Amino acid sequence: MLNHHLVTKQTKAGGVLVEKLMVAEALDIARETYFAILLDRAFDGPVMIGSPVGGVDIEEVAEKQPDKIFKERINFETGLTQEQAVQMAKNLEFTGKNIEIASEQINKLYRLFRKLDCTQLEINPFGETPDGRVVCFDAKLNFDDNAEFRQKEIFTQQDLSETDPREIKAIQLGLNYIQMDGNIGCMVNGAGLAMATMDIISLYGGTPANFLDCGGNVNEKQVIEAFNLLTSDSQVKAIFVNIFGGIVNCGTIANGIVNACRTIDLKIPLIVRLQGTNAEKANEIILNSGLNIIPELDFDSAAKKACAASSSS
């Protein structure tokens, strides 16, 4: 396996290069169940999800056998109770002494979930061996990025070898960047506005090249670096900047845009929509720059212009 590409449903079409192997004890599995703890907005906190049908995609079970899915809200203040853990073990169809053993493991998994600031802890399969042992055979954990400051040991283990270099650079700059397949580069502040921007681009026949959220505390230098990220993608044919200045000052964004255009000698169309705090002054900065920047106050019109510009470039 080493130095060969592994292709699964969770990898890209070409797979990923295997650079490390974990050697573990081989165990036979007599019975498989599914267990997870997730942070769920619908429950305003953690929720346990379990199914006596494990070893397969839980989405498939939910679709075909919804009666085999059990959910239990956990009170974040009081924590997981013994009664909840035991009931979940019974829902997973453990029997005899293994009810107690499984519930003990469920309690330990919840403590781990809290201790490591997890957003997801998934055990699939959570099962039994032929000799009756209860084992977490495989696990997947996700961690809250906001807790990195107190989970340094966890985050230093992150493997970035398969991550786009632009995404790594964005993390270092304090920007949120995700590469996509389109040709319209997007720079937005706020995840909600970023999603809305990508949606309206798609509505008018365009395709976003990225998700780039510069956040509410962005400074001029970060704006320039954001443009460097956008223009480093050769498939980008137009850039759409869509900023609502609630916390962020639109003047800061405007100065950063103008300086970025002058620094990198931007050759592709740039559509800029600035609304909110100091927007009037910001648009004056754009208009007086003498640069080929297309300002547009209306969201709908700005998106249409971005789509038109990307198709004509």
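The present account deals with the structure reproduced in this document. No experiment lies behind these values; they were computed from the predicted model shown. (Residues numbered from 1 in each chain as written. Predicted model: local features only at pLDDT ≥ 70, side-chain atom pairs only at ≥ 80, totals over all residues. Heavy atoms only, no water.)

### A short note on a nonpolar patch on the surface
Nonpolar side chains collect at one region of the surface, where Met 1, Leu 2, Leu 6 and Leu 21 lie side by side and expose about 400 Å² of accessible area between them. Within the secondary structure layout, Leu 6 lies in strand β1 (residues 5-6). (Patch = residues over 30% accessible without salt bridge, like charges linked within 9 Å, V, L, I, M, F, W, Y side chains within 5 Å. Areas by Shrake-Rupley, 256 points an atom, 1.4 Å probe, with all protein chains shown as cover. Salt bridge = Lys/Arg side-chain N within 4 Å of Asp/Glu carboxyl O. Helix = DSSP H or I, 4+ residues; strand = E, 2+ residues; numbered from the N terminus.)

### Brief notes about the pairing of strand β10 (residues 184-188)
Side-chain positions along a regular strand alternate between the two faces of the sheet. Counting buried positions along β10 gives five out of five residues, so the element sits mostly inside the fold. The two faces of β10 match: Ile 184, Cys 186 and Val 188 on one face and Gly 185 and Met 187 on the other face are all buried. Where β10 meets strand β12 (residues 238-245), five bridges bridge the pair, whose relative direction is parallel. Bridge pairing in β12 links Cys 186 to Phe 240. (Buried < 20%, exposed > 50% of the residue type's maximum accessible area, 1.4 Å probe, protein only. Pairing = 2+ DSSP bridges.)

### Considering the packing of helix α8 (residues 250-264) against helix α9 (residues 279-287)
Remark: α8 packs on α9, axes separated minimally by 8 Å, with the N-to-C direction vectors making an angle of 10 degrees. One way to sum up the angle between α8 and α9 is to call them roughly parallel. Here α8 runs over α9; the crossing is right-handed. Counting all contacts with α8, which are made through Cys 250, Gly 251, Ala 254, Asn 255, Ile 257 and Val 258, the residues of α9 involved are Ala 279, Ala 282, Ile 285 and Ile 286. A class-by-class count of the residues in the contact of α8 with α9 yields eight nonpolar, two polar and no charged. (Axes fitted to C-alpha atoms, helices over the stretch in contact; angles between N-to-C directions. Parallel < 35°, antiparallel > 145°, perpendicular 65-115°, else oblique. Left-handed = near helix turned anticlockwise from the far one by under 90°. Contact = heavy atoms within 4.5 Å. Nonpolar A, V, L, I, M, F, W, Y, C, P; charged D, E, K, R; others polar.)

### Points about the packing of aromatic side chains
Here the structure, examined in full by the defined rule, presents four aromatic pairs. Centre to centre, the rings of Phe 35 and Phe 126 are 6.1 Å apart; their planes meet at 50 degrees, and the pair counts as tilted. A residue pair is termed long-range when its members are at least 10 positions apart, and Phe 35 in strand β3 (residues 31-40) and Phe 126 in strand β6 (residues 118-128) qualify at 91 residues. Note on Phe 126: relative accessible area 0%, which makes it buried. Taken together, the aromatic side chains of Phe 35, Phe 94 and Phe 126 make up a single cluster linked through ring pairs. Here the basic side chain of Arg 31 rests over the ring of Phe 94, its NZ or CZ set 4.8 Å away from the ring centre. Positioned above the aromatic ring of Phe 76, the side-chain terminus of Arg 114 is 4.0 Å from the ring centre. (Phe/Tyr/Trp six-rings, centres within 6.5 Å; stacked < 30°, edge-to-face > 60°. Lys NZ or Arg CZ within 6 Å of the ring centre and 35° of its normal.)

### A look at helix α3 (residues 97-115)
With 19 residues, α3 should reach 27 Å at 1.5 Å per residue; the first-to-last C-alpha distance of 28 Å fits that figure. Of the residues making up α3, those classed as buried are Asn 98, Ile 99, Ala 102, Ser 103, Ile 106, Asn 107, Leu 109, Tyr 110 and Phe 113. The inward-facing, buried residues of α3 contact β3, β4 (45-51), α2 (82-91), β6 and β7 (134-136). A positive phi of about 55 degrees marks Asp 117, the residue just after α3. (Expected span 1.5 Å × (residues − 1).)

### Details of the pattern of salt bridges
Summed over the entire model, instances satisfying the criterion amount to 10 salt bridges. Arg 31 is paired through a salt bridge with Glu 128; the nearest N and O atoms lie 2.7 Å apart. Within this pair, whereas Arg 31 is found in strand β3, its partner Glu 128 is found in strand β6, the two being separated by 97 residues in sequence. Residue classification places Arg 31 among the partly exposed residues on the basis of a relative accessible area of 21%.

### Points about the nonpolar core
Within the largest apolar cluster, 34 residues are counted, with the highest numbers of intra-cluster contacts made by Met 187, Phe 227, Val 241, Ile 253, Ile 257, Leu 270 and Leu 274. Elements with a contribution of two residues or more to this core: α5 (165-173), α7 (220-231), β12, α8, β13 (270-276) and α9. With seven residues, the single largest contributor to this core is α8. Aside from chain neighbours lying at most four places away, what touches Met 187 is Leu 212, Val 223, Ala 226, Phe 227, Leu 230, Phe 240, Val 241, Asn 242, Ile 243 and Ile 253. (Core = buried A, V, L, I, M, F, W, Y, C linked by side-chain atoms within 4.5 Å.)

### Details of unusual backbone geometry
Cis rather than trans, the peptide bond between Asn 124 and Pro 125 has omega equal to 10 degrees. Note that Pro 125 resides in strand β6. A positive phi angle is found at Glu 93, which is not glycine, with a value near 70 degrees. Inspection of the secondary structure puts Glu 93 in the loop between α2 and α3. With relative accessibility at 43%, the residue Glu 93 sits in the partly exposed group. Positive phi values are uncommon outside glycine, yet Asp 265 reaches one of about 55 degrees. Relative accessible area serves as the criterion here: at 44%, Asp 265 is assigned to the partly exposed category.

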